[in-house]
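# Coordinate inspection notes
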Amino acid sequence: MKNPIDWYDRIREESRVLWHPETSSWYVTRFEDVWNLLVSPDLGARSKDTFTRKMTPEQREVCAPVIDFIAKWPVFSDPPRHTDIRRLTLPAFSAAEVERVTDEVRVELDRLGCGNREPAELFEGVVRPACEAALAEFLGMDLGEFEQVPVWAAQIMQFAAQTEYHPKVMPRAARALADFSEFVLTSARKGRSALSARLDGAISRGDITESDVVAIYGQMVTGILQPTMSTLATAVELVSRGAEYRECFRSDPDTFVSEAIRLTTPFHFAPRRTLVDVEIDGKVIPAGERIVLLLVSANRDPRRFPDPLSFRMDRGQPPHVAFSRGRYACLGAAMTRQLMTAALTAVLDGQPEPLSPLRVVWNVGRGMRAAERFEPAVR
């Protein structure tokens, strides 16, 4: 599968649901079905394990800590645990906290200076540090010590992308998790942000365990940092296309950002498990099966979004599924939107000359695509 997004688009046009033997999964491809199933009580969060059964006992032992860590992420947890964790963390995403974090990012962008940069430098010089500053502030981490966190996260996510045991990837991810866990618990004890203070208090009361806190931070790092970098990179590429796009952002930043997020859809799917038999388009998916809701395919469904691969302000802000939906909707969605607006404003205000056209270079995997850098766009 050289380009999974192309494959997801193709199967969407062939069928509403597809059984894929290689991944032992049912793929749901179209917007209306994905939209409805994201809030369906017929699906559970924890999908069927098709991974460890291929391993030797020794390999399972190496992988067990990382598998257990990922399984505890809120997005992969079912009620009542998921409900309890969401109730605990939701107040940390208040409008006041989001604004506080955004203000700190504006300070960091002023310090960095967005002007007089070569366009290709904007990714490492503006996009990445802006997103890292936001996440460090939100998690209550010292920005000066944050540098290793994305490295650990990338090593763990590389583990998650595997479909079989890899002798280098798996042990490296286990070591990264051990280092990440120690750093997270030290940061949480400082209580420097609303989130860290709430989690530290919950540990003290015995409401959650230290491993729960590490899992929550793990989901925040992987679920906020790289996706925000990717959506912001898309937005920078768009405003580099010319004055028309810059005016679109200036005149209606909310619609501009929403459409940039839809176009990006950095996480390609939401894996689920059928709790009962589920029928789609005459096909019955038995209870207990792994079902994959294709977010990226849904957001590119021409039945919902005419001319789906084009950036169009005239869509307004129709609901999309880049941030999922329902009880598993991304809590950081508002922060991502506000951060993108602040960073784009800084980029445009800081450039003495209009940006030269850029294009994002992507690292595309089955489960997500990540922005890596900017290159000059070929006219």
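No experiment lies behind these values; they were computed from the predicted model shown.

Counting secondary structure elements, the protein contains 14 helices and nine strands. Here the C-alpha radius of gyration of the protein, 21 Å, is about what a compact globule of 379 residues would show, namely 21 Å. In terms of overall dimensions, the protein has C-alpha extents of about 60 × 50 × 40 Å along its principal axes. Here the protein holds 379 residues, and the buried ones make up 52% of them. In the protein, of all internal contacts separated by at least 6 residues, the share reaching a separation of at least 24 is 71%.

With that out of the way, let us pick up the pairing of strand β1 (residues 17–20). Bridge analysis of β1 against strand β2 (residues 25–28) gives four bridges, and the strand direction is antiparallel. Across the sheet, Val17 pairs through a bridge with Val28, a residue of β2. Hairpin connection from β1 to β2: four residues lie between these consecutive antiparallel strands, with Ser24 at a positive phi of about 50 degrees.

At Cys63, helix α3 (residues 57–71) shows its strongest bend, of approximately 50 degrees, with the proline Pro65 following within four residues. Of all the positions in α3, only Cys63, Val66, Phe69 and Ile70 are classed as buried. The elements touched by buried residues of α3 are α7 (148–160), α8 (169–190) and α10 (210–239).

What follows concerns the packing of helix α12 (residues 253–264) against helix α14 (residues 333–350). The geometry of α12 relative to α14 is characterised by a closest axis approach of 10 Å and an angle of 110 degrees between their N-to-C directions. Accordingly, the angle class assigned to the pair α12 and α14 is roughly perpendicular. The chirality of how α12 crosses α14 is right-handed. Across the interface between the two elements, Pro253, Phe256, Val257, Ala260 and Ile261 of α12 pack against Arg337, Met340, Thr341 and Leu344 of α14. Classifying every residue of the contact of α12 with α14 by side-chain character gives seven nonpolar, one polar and one charged.

Of the pockets and cavities examined, the second largest pocket occupies roughly 260 Å³. Thr234, Glu237, Leu238, Arg241, Leu263, Arg300, Leu309, Phe311, Trp362 and Arg369 are the residues that line the second largest pocket. The greatest single-element share of the lining of the second largest pocket, amounting to three residues, is contributed by α10. Of the residues that constitute the lining of the second largest pocket, the class distribution is five nonpolar, one polar and four charged.

So, about the pairing of β2. A regular strand places its side chains on the two faces of the sheet in alternate fashion. Along β2, one buried face is formed by Ser25 and Tyr27 and the opposite face, lined by Trp26 and Val28, is buried too. As defined by bridge partners, β2 adjoins strand β7 (residues 290–294) across four bridges and the pair is classed as parallel. When the bridges of β7 are listed, Tyr27 appears paired with Val292.

It is worth spelling out the sheet that holds β2 at this point. Pairing is mixed across the open sheet formed by five strands, whose spatial order is β1-β2-β7-β4-β3. Two strands bound the open sheet, and with one partner strand each, they are β1 and β3 (43–44).

Relative orientation of the contacting elements helix α4 (residues 81–89) and helix α9 (residues 194–205) amounts to 130 degrees, with a least axis distance of 9 Å. Comparing their axes, α9 and α4 come out oblique. For the pair formed by α4 and α9, the contact residues are Arg87, Leu88 and Thr89 on the first element and Leu195, Arg198, Leu199, Ala202 and Arg205 on the second.

So, how was this worked out
- Think of each chain on its own: its residues are numbered from 1, step by step along the sequence as written.
- Given that the model is predicted, a residue must reach a pLDDT of at least 70 before its local features are reported, and side-chain atom pairs must reach 80 or more before they are shown or counted; all residues, however, enter totals for whole chains, interfaces and linings.
- To obtain the side-chain values, all non-hydrogen atoms of the structure were included, while hydrogens and water were left out.
- Each helix is a run of H or I in the DSSP string that is no shorter than four residues. Each strand is a run of E no shorter than two, and both are numbered from the N terminus.
- Between the two quantities, the radius of gyration covers C-alpha atoms and the globule rule is 2.2 Å times the number of residues to the power 0.38.
- Throughout this description, buried means an accessible area under 20% of the type-specific maximum (1.4 Å probe, protein chains only), exposed means over 50%, and partly exposed covers the range between.
- Working rule for contacts: check all heavy atoms of both residues, and any pair within 4.5 Å makes them a contact.
- DSSP bridges decide pairing: two strands pair if at least two such bridges lie between them.
- The angle between axes fitted to the seven residues ending at a residue and the seven residues starting there is what we call the bend at that residue.
- The convention used is that axes are lines fitted to C-alpha atoms, helices contributing only their stretch in contact, and that angles between N-to-C directions extend from 0 to 180 degrees.
- If an angle is under 35 degrees, it is roughly parallel; if it is over 145, roughly antiparallel; if it lies from 65 to 115, roughly perpendicular; otherwise it is oblique.
- Handedness of each helix crossing follows the sense of rotation of the near helix against the far helix: counterclockwise by less than a right angle gives left-handed, clockwise gives right-handed.
- When residues are grouped by polarity, Ala, Val, Leu, Ile, Met, Phe, Trp, Tyr, Cys and Pro land in nonpolar, Asp, Glu, Lys and Arg in charged, and all others, Gly among them, in polar.
- Points on a 1 Å grid over protein atoms alone make up a cavity when a 1.4 Å probe fits among them but cannot get out, and a pocket when they form an open set with protein on both sides within 12 Å along at least five of seven lines; lining residues each have an atom within 4 Å of a point.
- Grid points are joined across faces, edges and corners, and a volume is the space filled by probe spheres set on the points.

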